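Secondary and tertiary structure notes
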Amino acid sequence: ESDSPAPGGFIKHGLLFGGVSLAASFVAALIIHYTLVPGFMGSPRQVLTIAMFSVLFVVLVSGIIYAGIFYKEAVMRARSEQELDLARRIQRSFLLSQFPSMPRLEVHAVNVSSKQVSGDFYDVIAAGDHAFYLAIADVSGKGVPAALLTSVLQASVRTQAHLAPAVAAGAK
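The structure reproduced in this document is the subject of the present report. Please read all numbers here as calculations on a predicted model, not as lab measurements. (Residues numbered from 1 in each chain as written. Predicted model: local features only at pLDDT ≥ 70, side-chain atom pairs only at ≥ 80, totals over all residues. Heavy atoms only, no water.)

Attention shifts here to the overall build of the chain. Check the secondary structure of the chain and you find four helices and two strands. In the chain, the succession of α and β elements from N to C terminus is α-α-β-β-α-α. Considering the chain as a whole, with its 172 residues, one finds that 24% of them fall into the buried category. Taking contacts inside the chain between residues at least 6 apart in sequence as the whole, the part at least 24 apart equals 59%. (Helix = DSSP H or I, 4+ residues; strand = E, 2+ residues; numbered from the N terminus. Buried < 20%, exposed > 50% of the residue type's maximum accessible area, 1.4 Å probe, protein only. Contact = heavy atoms within 4.5 Å.)

The next point concerns helix α3 (residues 143–161). An α-helical turn contains 3.6 residues, so a residue and the one three or four places further along point in the same direction. For α3, built from 19 residues, the straight-helix expectation of 27 Å at 1.5 Å per residue is met to within 8% by its first-to-last C-alpha distance of 27 Å. Considered for burial, the residues of α3 that qualify are Gly-143, Val-144, Ala-146, Ala-147, Thr-150, Gln-154 and Ala-161. Each buried residue of α3 sits inside an arc of 165° when the element is viewed along its axis, so together they form one side. Exposed positions of α3 whose direction lies more than 90 degrees from the buried face are Pro-145, Val-152 and Thr-159. (Expected span 1.5 Å × (residues − 1). Arc of directions from axis to C-beta.)

In this section: the nonpolar core. One finds Ala-87, Phe-94, Leu-96, Phe-99, Tyr-122 and Val-124 to be the most contacted residues of the largest nonpolar core, which totals 15 residues. Among the secondary structure elements, those contributing two or more residues to this core are α2 (44–94), β1 (120–126) and α3. For this core, the leading source of residues is α2, giving four residues. Contacts of Tyr-122, omitting those with residues within four sequence positions, involve Leu-95, Leu-96, Phe-99, Ala-109, Val-110, Asn-111, Ala-135 and Ile-136. (Core = buried A, V, L, I, M, F, W, Y, C linked by side-chain atoms within 4.5 Å.)

Along any regular strand the residues' side chains alternate between the sheet's two faces. A large share of β1 lies buried, amounting to five of its seven residues. Pairing of β1 with strand β2 (residues 132–138) involves seven bridges; the strand directions are antiparallel. Note that in β2 the partner of Asp-120 across the bridge is Asp-138. (Pairing = 2+ DSSP bridges.)

In this section: the pattern of salt bridges. This model, assessed by the stated rule, comprises one salt bridge. The residue Asp-123 makes a salt bridge to Arg-158 at a minimum N-O spacing of 2.9 Å. Placement of the pair is Asp-123 in strand β1 and Arg-158 in helix α3, with a sequence separation of 35 residues. A residue is classified by how much of its surface remains accessible, and Asp-123, at 0% relative accessible area, is buried. Taking the relative accessible area as the measure of exposure, Arg-158 reaches 35% and is therefore partly exposed. (Salt bridge = Lys/Arg side-chain N within 4 Å of Asp/Glu carboxyl O.)

It is worth spelling out the environment of Tyr-122 at this point. Looking at the secondary structure, you find Tyr-122 in strand β1. The class for Tyr-122 is buried, based on a relative accessible area of 13%. Placed 27 residues apart in sequence, Tyr-122 and Leu-95 show a C-alpha to C-alpha distance of 6.6 Å.

Below, the discussion takes up the environment of Ala-147. Locating Ala-147 in the fold gives a position in helix α3. By relative accessible area, Ala-147 is classed as buried at 0%. For the pair Ala-147 and Arg-89, spaced 58 residues apart in sequence, the C-alpha to C-alpha distance is 9.0 Å. Discounting residues that sit within four places of it in the chain, Ala-147 has contacts with Ala-87, Ile-90 and Phe-94.

This part covers α2. Between the first and last C-alpha of α2 there are 75 Å, a value that for 51 residues agrees with the 75 Å anticipated at 1.5 Å per step. Buried within α2 we find Ile-50, Ala-51, Ser-54, Val-58, Ser-62, Glu-73, Leu-84, Ala-87, Arg-88, Ile-90, Gln-91 and Phe-94.

Listed below in structure tokens is the structure:
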């Protein structure tokens, strides 16, 4: 999220800065004219020269300010992209691509997220020769926090899966 003004705000702030800068330039020129250098603004050509330098100053400083604002936003976007890339790598590292094989049953899964990173999670854990546990979940959120929470969920499921009795044993 950016704390810079909206496009309309750029114009408003730019006009305010420009107006104040031009007024300050003419006040400074008048002070110089009446105190230090009498005749400093003696002719229309000198007044026009001061006006041109003042406008140049306003344009140059405005350009520098806006370049800084746009640079800051570009850096923030790049950091956000790096965070999403890290989250994508974390997520890909814990989603299975190879599944345990069992006679008479094949398991396949793929994760196609609608966003760059999702909180989707699946896991298949072998539970002996003829059984396995299947975990499917959707972690709330997105980005690195959701990817990290999902990796914690996977570690917890894998750690505790062998402690749980088989579902088939409970159904008998």
